[in-house]
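# Structure at a glance
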Amino acid sequence: MVILSIDTSCDETACAITEGRRVLSNVIYSQVLIHKKWGGVVPSLAKRAHEERIDFVVEEAVRKSKLGSQAFKHIDYIAVTQGPGLAMALEVGMKKATELALKYDKKIIPVNHLEGHIYSSHVQNSKGNPKREFSFPCLALIISGSHTDIVLMKDHITYEILGEKIDDAAGEALDKAARMLGFGYPGGAVIERLAQEVKNIDTYHFPRPMLHSKNLQFSFSGLKTSLFYFLKKMPEKEKVDKIKLVASSFQEAVFDTIIKKTEDAMKQTGIKNIIVGGGVIANKYLRNKFRRLIKKHKGSILFPPYPYLTGDNAAMIGVAAHYKAEKRIFVENFDTFDRLPRFPLTT
Ligand code: KG4
Ligand code: ZN
């Protein structure tokens with residue numbers, strides 16, 4: 001089954017062609033430089049950049065797939081992210097998907113961006129590697145700039161949300177901390193580098209949000225506020241000297257919370273197979289923390305196998321779409337096919 005997939009949910013214009021789990025081509029046109037000077041993604045600028053680039057990105061994905069001049073004869077379905085994401089950004093990809101579906105007489109598979117992040121660990125390169133499988137039941141974690149979720153999966157495309165963020169997401173907390181420390185957007189990778197330079201030491205012991213409650217919800221906004229007041233009290237000179245220690249301590253508070261909540265979820269469900277997706281799992285220190293947790297409980301863990309799969313991309317959308325097509329989940333009426341900026345992860 002060959003699928004052309006599109007994701008324009010945030011600040012990457014992305015198109016991929018996949019066959020089953022294999023990626024035949026994958027094109028990502030990042031807008032990060034456009035949004036950087038504003039300190040975050042500006043929806044109207046994102047929309048315009050998606051509109052300017054979508055045709056090029058789709059054409060490149062088709063060309064790189066080597067399906068030839070009759071590529072759409074080999075493509076079975078069009079998949080597209082319907083949400084969650086920025087409404088103005090989502091609509092660009094959905095419009096393009098609908099246009100292609102009408103032109104080439106294809107069905108559309110609607111995909112939730114979060115199931116894309118879950119399936120990013122299931123994506124294979126063009127040669128079909130890596131060959132590992134999901135083993136159900138499992139706990140899927142999505143740790144991104146806009147989400148922090150723990151999801152129970154008993155089979156493909158079945159989701160039960162056990163815990164989610166109630167305010168800021170983990171990546172958002174890292175981005176806001178980076179900004180408070182004087183760095184630009186996105187900030188997760190900067191914090192990782194600063195922390196690594198002081199060997200990830202936890203000097204300041206920032207509060208671990210929601211750690212004492214039994215539920216699996218995440219809240220990082222209190223942590224952000226405590227960093228704000230901490231920095232306010234700190235003399236300017238000391239800030240310069242201690243910036244790496246502050247970054248490292250903040251990162252530790254975020255990651256410690258994620259790991260402890262994951263451990264709680266493992267204990268509560270008895271499930272030891274974990275899948276992790278989302279931009280924050282690009283962080284090598286966090287991967288090591290997860291590996292230690294899994295070793296302690298003799299479980300198994302899957303991360304996105306290639307670096308591009310941690311951030312937003314359409315390959316993960318195409319692979320999730322493959323399983324949705326097997327379940328015959330298609331858009332029934334193109335006229336009422338609308339973006340869902342708050343699309344919940346439902347089965
Ligand atoms: O999944 P993603 O690309 O977009 C969303 O769907 O939200 O995630 C972006 C998030 C940003 O908050 C960014 O700071 C974070 O992922 N991120 C990282 C790293 N690289 C990106 N966080 C920690 N360490 C990294 N190396
Ligand atoms: Zn994402």
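Structure first, text after, so check above.
Residues numbered from 1 in each chain as written. Chains lettered and ligands numbered in written order. Predicted model: local features only at pLDDT ≥ 70, side-chain atom pairs only at ≥ 80, totals over all residues. Heavy atoms only, no water.

Looking now at the sheet that holds strand β6 (residues 138-143). Read across the sheet, 5 strands follow the order β8-β7-β6-β9-β10 without closing on themselves; strand pairing throughout is mixed. Looking at the sheet topology across the chains shown, the edges are occupied by β8 (160-163) and β10 (300-302). In this sheet, adjacent strand axes meet at a mean angle of 25° when their direction is disregarded. With 3 bridges connecting them, strand β9 (residues 273-277) and β10 associate as parallel partners. Within β10, the residue paired with Asn273 across the bridge is Ser300. Across the sheet, helix α9 (residues 236-269) is in contact with β6, β7 (148-153), β8 and β9; its angle to β6 comes to roughly 160°. (Pairing = 2+ DSSP bridges. Helix = DSSP H or I, 4+ residues; strand = E, 2+ residues; numbered from the N terminus. Axes fitted to C-alpha atoms, helices over the stretch in contact; angles between N-to-C directions. Contact = heavy atoms within 4.5 Å.)

Here we come to the environment of Glu252. Assignment of secondary structure puts Glu252 in helix α9. In sequence terms Glu252 and Thr225 are 27 residues apart; their C-alpha atoms lie 16 Å from each other. In this view, Glu252 contacts Asn200, Asp202, Arg208, Tyr285 and Lys289; residues no more than four positions away in its chain are not counted.

As a further point, take the packing of aromatic side chains. This structure, assessed with the given rule, holds 14 aromatic pairs. Here the aromatic rings of Tyr119 and Phe134 are separated by 5.3 Å at their centres, their planes lie at 40°, and the arrangement is tilted. Of the two residues, Tyr119 is situated in helix α5 (residues 113-119) and Phe134 in the loop between α5 and β6; the sequence distance between them amounts to 15 residues. Taking the centre distance of 5.1 Å and the plane angle of 80° together, the rings of Phe206 and Phe230 count as edge-to-face. Within this pair, whereas Phe206 is found in the loop between α7 (188-197) and α8 (221-233), its partner Phe230 is found in helix α8, the two being separated by 24 residues in sequence. Aromatic rings pair up to connect Tyr119, Phe134, Phe136 and Tyr323 into one cluster. Seen from the ring of Phe330, Lys107 lies directly overhead, with NZ or CZ sitting 5.6 Å from the centre. (Phe/Tyr/Trp six-rings, centres within 6.5 Å; stacked < 30°, edge-to-face > 60°. Lys NZ or Arg CZ within 6 Å of the ring centre and 35° of its normal.)

What follows covers the side chain of Glu252. In this structure Glu252 comes out as buried when scored by relative accessible area, which is 9%. Of note is the side chain of Glu252, whose polar atom sits 2.7 Å from the side chain of Tyr285. (Buried < 20%, exposed > 50% of the residue type's maximum accessible area, 1.4 Å probe, protein only. Polar contact = N/O pair within 3.5 Å; in protein donor to acceptor, adjacent residues only side chain to side chain.)

Right, let's get into the pattern of salt bridges. All told, the structure shown has 22 salt bridges when counted by the stated rule. Salt-bridge contacts for Lys242 lead to Glu238; the nearest nitrogen and oxygen are separated by 3.9 Å. One end of the pair is Lys242 and the other is Glu238, both in helix α9 and 4 residues apart, which spans about a single turn. The partly exposed category is assigned to Lys242, whose relative accessible area is 28%. By sharing partners, the salt bridges in this structure join Lys47, Glu51, Glu91, Asp338 and Arg339 into a single network. (Salt bridge = Lys/Arg side-chain N within 4 Å of Asp/Glu carboxyl O.)

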